[in-house]
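Chain by chain, the residues:
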Amino acid sequence: MLFRKAMIVFSSVLLGVVLLLLAMTITVQAWTHTEAGKVPVKTAVILHAVYNNLLPTDLKAPSFLAAKGTSRFERSLVDIPTSDNSSIKARVYKPKEEGEHPIVLYFHGGAFMKGYGNIDTHDNIIRSLASKTNSIVIAVEYRLAPDYPFPTAIFDGYDALNWTYDSAEELGGDVENIALAGDSAGGNVATAVAMMSRDQNGPEIKAEALLYPLTTFLDKEFHSRDVYSSGYYLLSRHVMELARDSYTPNEEMWQSPYSSPLEADLTGMPKTLVITAEFDPLRDEGEAYAQKLADSGVPVTATRYNGVMHGFISFFEVMQNGKQGINETANFLNQAFNDVPIEDDYELAFYNHGDFKSSLQDELEAYTIGSYLVSKQALSMFPFNFGS
């Protein structure tokens, strides 16, 4: 009799667990059906977490996953003088080993505005690029709108470039190997700084890496701007319009080649990598910029990452596509520093995450994270105070 009761209890518990797992699976699968179509499960989970503000602000990797050993880099903050007799901050990652190292100036994303991005929010990308390229990486804290509208960010970037060139020997850097990189708004700043250096006979730029860049402020018809601009894909039309009003408050500013590089003469620009994301309102203008660079005789590599959203490389610790994106960026910079040529026949490439082992890992991680999010949302509906 006792054994029978135990089996009934066990069966009930097992049935409950199965039903709970089934419910969680159905819930997570429901997240993959978005307003603009179906997205991969890992992307769906990240989008749901961000959109519903479910990620903890102090999220850290478990200690057993932390990298062991001594850091190969020194980190410091520096003050860079600007041409308007002010100064900006920059964070410098410098290899400890002796030698002349390549230099990468990195410009963070964040809609050109205060409160949307800084060198801290993008520190994981900056650290990863430093490690993967063994370069001196300088993250520029350019001044932001609305206090500092266009063209302050571009002048700050160009001042940082000139300071870097002048300080290269002290830093242990190689002035023959200076590259620029940036994501989103920072991609816009990076390519504008490269253009300004070309126009003013400034330091020679070896290469530029642009991650899902904004390339024009003009009201152009881009399919991706219409389909993915609700905000669910991490960038909304409202934020884009707010950025334009704050950063370029006068309409004539939209026409400047340094705000809308897609409208500029692009001859003589450095070899360029452009990375775009399938579910991103900036996708089409980034790809149009890559095409125009190629048409202007600039060596270009461009890849659209399918199944992901704007800003996906910032999630490279938990997204395989993000990991591939940061690796492609580092490989491009390493090849540029080693003078590896880019093939003349430009063609947009597509990255479809298809490796079975990695895809299975993504699926398992997605459902694990999804289960956590479902549980967190369920508990938030019952705010019991068990300590009372």
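Everything numeric in this text was worked out from a predicted model, so none of it was measured. (Residues numbered from 1 in each chain as written. Predicted model: local features only at pLDDT ≥ 70, side-chain atom pairs only at ≥ 80, totals over all residues. Heavy atoms only, no water.)

### Here we look at the overall build of the chain
When its secondary structure is counted, the chain shows ten helices and eleven strands. The buried share among the 388 residues of the chain stands at 51%. When contacts within the chain are restricted to residue pairs at least 6 apart in sequence, those whose partners lie at least 24 apart make up 79%. Total accessible area on the chain is roughly 19,100 Å²; 55% of this is exposed by carbon and sulfur atoms. (Helix = DSSP H or I, 4+ residues; strand = E, 2+ residues; numbered from the N terminus. Buried < 20%, exposed > 50% of the residue type's maximum accessible area, 1.4 Å probe, protein only. Contact = heavy atoms within 4.5 Å. Areas by Shrake-Rupley, 256 points an atom, 1.4 Å probe, with all protein chains shown as cover.)

### A few points about helix α7 (residues 237-247)
Within the sequence span of α7, burial applies to Val239, Met240, Ala243, Arg244, Ser246 and Tyr247. Where the residues of α7 are buried, they touch α4 (152-171).

### Some points on unusual backbone geometry
The omega torsion of the bond from Ala145 to Pro146 falls at 5°, within 30 degrees of zero and hence cis. Looking at the secondary structure, you find Pro146 in the loop between β6 (136-141) and α4. Of note, the bond from Phe150 into Pro151 is cis; its omega dihedral lies within 30 degrees of zero at 10°. Along the polypeptide, Pro151 turns up in the loop between β6 and α4. Positive phi, normally seen in glycine, also occurs at Ala111, with a value near 60°. With respect to the helices, strands and loops of the structure, Ala111 is situated in the loop between β5 (101-107) and α3 (123-133). When its relative accessible area of 14% is taken as the criterion, Ala111 is described as buried.

### Considering the nonpolar core
By size, the foremost hydrophobic cluster in this structure holds 63 residues, and its most contacted members are Leu105, Phe107, Ile138, Ile154 and Leu180. Not counting residues up to four positions away in its chain, the partners in contact with Phe107 are Val140, Tyr142, Gly157, Leu180, Ala181, Gly182, Asp183, Gly186, Gly187, Val189, Ala190 and Val193. Within the second largest apolar cluster, 48 residues are counted, among which are Ala44, Tyr228, Leu273 and Ile326. (Core = buried A, V, L, I, M, F, W, Y, C linked by side-chain atoms within 4.5 Å.)

### Quick look at the environment of Asp147
Looking at where Asp147 falls in the secondary structure, it is placed in the loop between β6 and α4. Along the backbone, Asp147 and Tyr247 are 100 residues apart, and their C-alpha atoms lie at a distance of 8.9 Å.

### Let's talk about the sheet that holds strand β9 (residues 271-279)
Taken in spatial order, the nine strands make up an open sheet running β3-β4-β6-β5-β7-β8-β9-β10-β11, and their pairing is mixed. Edge positions in the sheet fall to β3 (73-81) and β11 (349-351), since each has one partner strand and no second. Shown here is a sheet whose adjacent strand axes are inclined to one another by a mean of 20°, direction ignored. Where β5 and strand β7 (residues 173-183) come together, six bridges link them in parallel fashion. Bridge pairing in β7 links Ile103 to Ile178. Strand contacts of α3: β3, β4 (87-95), β5 and β6, with the helix running at about 40° to β4, the strand carrying the most contacts. (Pairing = 2+ DSSP bridges. Axes fitted to C-alpha atoms, helices over the stretch in contact; angles between N-to-C directions.)

### Remarks on helix α8 (residues 283-295)
Spanning 13 residues, α8 covers 18 Å between terminal C-alpha atoms, matching the ideal 18 Å at 1.5 Å per step. When α8 is considered as a whole, its buried residues turn out to be Arg283, Asp284, Glu285, Gly286, Glu287, Tyr289, Ala290 and Leu293. Tucked inside the fold, the buried residues of α8 contact α5 (185-199), β8 (207-211), α6 (223-227), β9 and β10 (300-309). Where α8 ends, the next residue or the one after it, Gly297, has phi of about 90°, a positive value. (Expected span 1.5 Å × (residues − 1).)

### Structural notes on the confidence of the model for the chain
On average, residues of the chain score 88 in pLDDT, and 83% of them reach the 70 mark or higher. Counted against residues more than four places away or in other chains, residues 57-67, with its pLDDT under 50, gives one contact. (pLDDT = per-residue confidence, 0-100.)

### Focus on the packing of α4 against α5
One can describe the packing of α4 onto α5 by two numbers: an axis separation of 9 Å at closest approach and a directional angle of 65°. Between α4 and α5 the crossing geometry is right-handed. Residues Ala153, Ile154, Phe155, Gly157, Tyr158 and Leu161 of α4 touch α5, and the partners they reach there are Val189, Ala192, Val193, Met196 and Ser197. Here the residues of the contact of α4 with α5 are counted per class, giving nine nonpolar, two polar and no charged. (Left-handed = near helix turned anticlockwise from the far one by under 90°. Nonpolar A, V, L, I, M, F, W, Y, C, P; charged D, E, K, R; others polar.)

### Brief notes about the pairing of β3
Two elements, β3 and β4, share nine bridges in a ladder whose sense is antiparallel. Opposite Asp79, over in β4, you have Lys89 as the bridge partner. Linking β3 back to β4 in an antiparallel pair, the connection comprises five residues, with Asn85 at a positive phi of about 65°.

### Here's the deal with the pattern of salt bridges
The final tally for this structure, using the stated rule, is 16 salt bridges. Between Arg127 and Asp123 there is a salt bridge, with its nearest N and O atoms 2.8 Å apart. With a gap of four residues between them, Arg127 and Asp123 both fall in helix α3, about one helical turn apart. According to the relative accessible area criterion, Asp123 is buried, its value standing at 11%. The closest approach of N and O atoms between Arg244 and Asp219, which form a salt bridge, is 2.9 Å. Of the two residues, Arg244 sits in helix α7 while Asp219 sits in the loop between β8 and α6, which places them 25 residues apart along the sequence. Residue Arg244 is classed as buried on the basis of its relative accessible area, which comes to 15%. Each of Arg75, Arg91, Asp120, Asp123 and Arg127 takes part in one network of salt bridges that share partners. (Salt bridge = Lys/Arg side-chain N within 4 Å of Asp/Glu carboxyl O.)

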